[in-house]
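Below, each chain spelled out in residue letters.
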Amino acid sequence: MGIGSRLFLIIFISLGLGIFVSYIIAERDITDTFQKHIINELQNQASLLAEVVDEVDSIGDLNEADSLADRLGSASNSRVTLILSDGRVIGDSNVDTQNINDLDNHANRPEVQDAFLKGRGWSIRYSDTVKQQQMYYAILDNNDVNPNVIRIAVPYVNVDSAIGSLNLSIILIALVAFIAVSYTHLRAHE
């Protein structure tokens, strides 16, 4: 193997490693930035919902609670869940009223547990109810004696689609870079 071929191989490998490392860093940074932005938006919306709802356990009945969750979910373009202090769901904008009692107790959900401990919490996890990855944000209502939880959620597909765009961009950049290096190498050996 001649010096030109070795140099080409070193440049080719260095370029590949550089693109790979750049991709890893960019993916981490983009994911982190999107998550922070979405969490901030969910926090703002949850705070507004807490002002509108005031105290979850003061809502008259299941039909009224679920109707309120439906209206709030529609207005915020998100999934809204009203959860009592014992973890029972009394309203969910993505669940019909007649199916609310079939939902699992939500006291063990990470974002709900954090809300009870710290006043607010968030998580990213798969929802068996809506069958997709969701980003959740939970906040306590205004009941000082026996606080309940208001939870808001959006699909996590926004972050996934941004990463998908990044993947395509990196593949195209890598392809162009490798073609340019290969072309330069071939031209040097003519």
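Residues numbered from 1 in each chain as written. Predicted model: local features only at pLDDT ≥ 70, side-chain atom pairs only at ≥ 80, totals over all residues. Heavy atoms only, no water.

**Considering the packing of aromatic side chains**
Within this structure, the stated rule accounts for zero aromatic pairs. For Arg125, the ring lying beneath its charged end belongs to Tyr136, and the centroid distance is 4.1 Å. (Phe/Tyr/Trp six-rings, centres within 6.5 Å; stacked < 30°, edge-to-face > 60°. Lys NZ or Arg CZ within 6 Å of the ring centre and 35° of its normal.)

**A few points about the nonpolar core**
If you look at the biggest cluster of nonpolar residues, it comprises 24 residues, and the most contacted ones within it are Val53, Leu82 and Ile150. When contributions to this core are tallied by element, the ones reaching two or more residues are helix H1 (3-53), helix H2 (62-76), strand S1 (79-83), strand S4 (132-140) and strand S5 (149-155). Here this core takes seven residues from H1, the largest share from any one element. (Core = buried A, V, L, I, M, F, W, Y, C linked by side-chain atoms within 4.5 Å. Buried < 20%, exposed > 50% of the residue type's maximum accessible area, 1.4 Å probe, protein only. Helix = DSSP H or I, 4+ residues; strand = E, 2+ residues; numbered from the N terminus.)

**Quick notes on H2**
Here H2 contains 15 residues, and its C-alpha end-to-end distance of 21 Å stays within 8% of the 21 Å for a straight helix at 1.5 Å per residue. The backbone nitrogen of Asn63 lies 3.3 Å from a side-chain oxygen of the residue at the head of H2, namely Asp61. (Expected span 1.5 Å × (residues − 1). Polar contact = N/O pair within 3.5 Å; in protein donor to acceptor, adjacent residues only side chain to side chain.)

**Remarks on the pattern of salt bridges**
Counted by the stated rule, this structure contains seven salt bridges. Ionic pairing is found between Arg79 and Asp92, a salt bridge with its closest N-O pair at 2.9 Å. Taken together, the positions of Arg79 in strand S1 and Asp92 in strand S2 (residues 89-92) put the pair 13 residues apart, joining distant regions of the chain. Overall, Arg79 belongs to the buried group, its relative accessible area being 3%. With a shortest N-O distance of 2.9 Å, Glu111 and Arg151 are connected by a salt bridge. Of this pair, Glu111 sits in helix H3 (residues 110-118) while Arg151 sits in strand S5, and the two are 40 residues apart along the sequence. On the accessibility criterion, Arg151 (2% relative accessible area) is buried. Here the residues in one salt-bridge network are Glu111, Arg125 and Arg151, joined through shared partners. (Salt bridge = Lys/Arg side-chain N within 4 Å of Asp/Glu carboxyl O.)

**Remarks on the pairing of S4**
The side chains of a regular strand alternate, residue by residue, between the two faces of the sheet. Among the nine residues in S4, seven count as buried, and that is most of the element. Note that strand S3 (residues 120-127) and S4 share eight bridges and pair antiparallel. By the bridge assignment, Tyr126 is partnered in S4 with Gln133. Counted along the chain from S3 to the antiparallel partner S4, the turn is four residues long, and its residue Lys131 has a positive phi close to 60°. Strand direction decides the pairing type here: S4 and S5, joined by seven bridges, are antiparallel. Its bridge partner being in S5, Tyr137 is matched across the sheet by Ile152. (Pairing = 2+ DSSP bridges.)

**Digging into the sheet that holds S1**
Strand order in this open sheet of five strands is S2-S1-S5-S4-S3, and the pairing throughout is antiparallel. For this open sheet the edge positions go to S2 and S3, each flanked by a neighbour on one side alone. Strand-to-strand, the axes of this sheet are offset by a mean angle of 20°, without reference to chain direction. Against the sheet, H2 contacts S1, S2 and S5, and its axis sits at roughly 35° relative to S2. Strands in contact with H3 are S1, S3, S4 and S5; relative to S3, the strand with the most contacts, it is inclined by about 170°. (Axes fitted to C-alpha atoms, helices over the stretch in contact; angles between N-to-C directions. Contact = heavy atoms within 4.5 Å.)

**Considering the side chain of Asp141**
Note that Asp141 resides in the loop between S4 and S5. In this structure, Asp141 is buried with no salt-bridge partner, the nearest side chain bearing the opposite charge being Arg120 at 12 Å. A polar side-chain atom of Asp141 sits 2.8 Å from the main-chain amide nitrogen of Val56. (Lys, Arg positive; Asp, Glu negative; His and termini not counted.)

**Focus: the confidence of the model for the chain**
This prediction gives the chain a mean pLDDT of 86; 91% of its residues lie at or above 70. Across the chain, element-level confidence peaks in H3 with a mean pLDDT of 97 and bottoms out in helix H4 (residues 157-188) with 71. (pLDDT = per-residue confidence, 0-100.)

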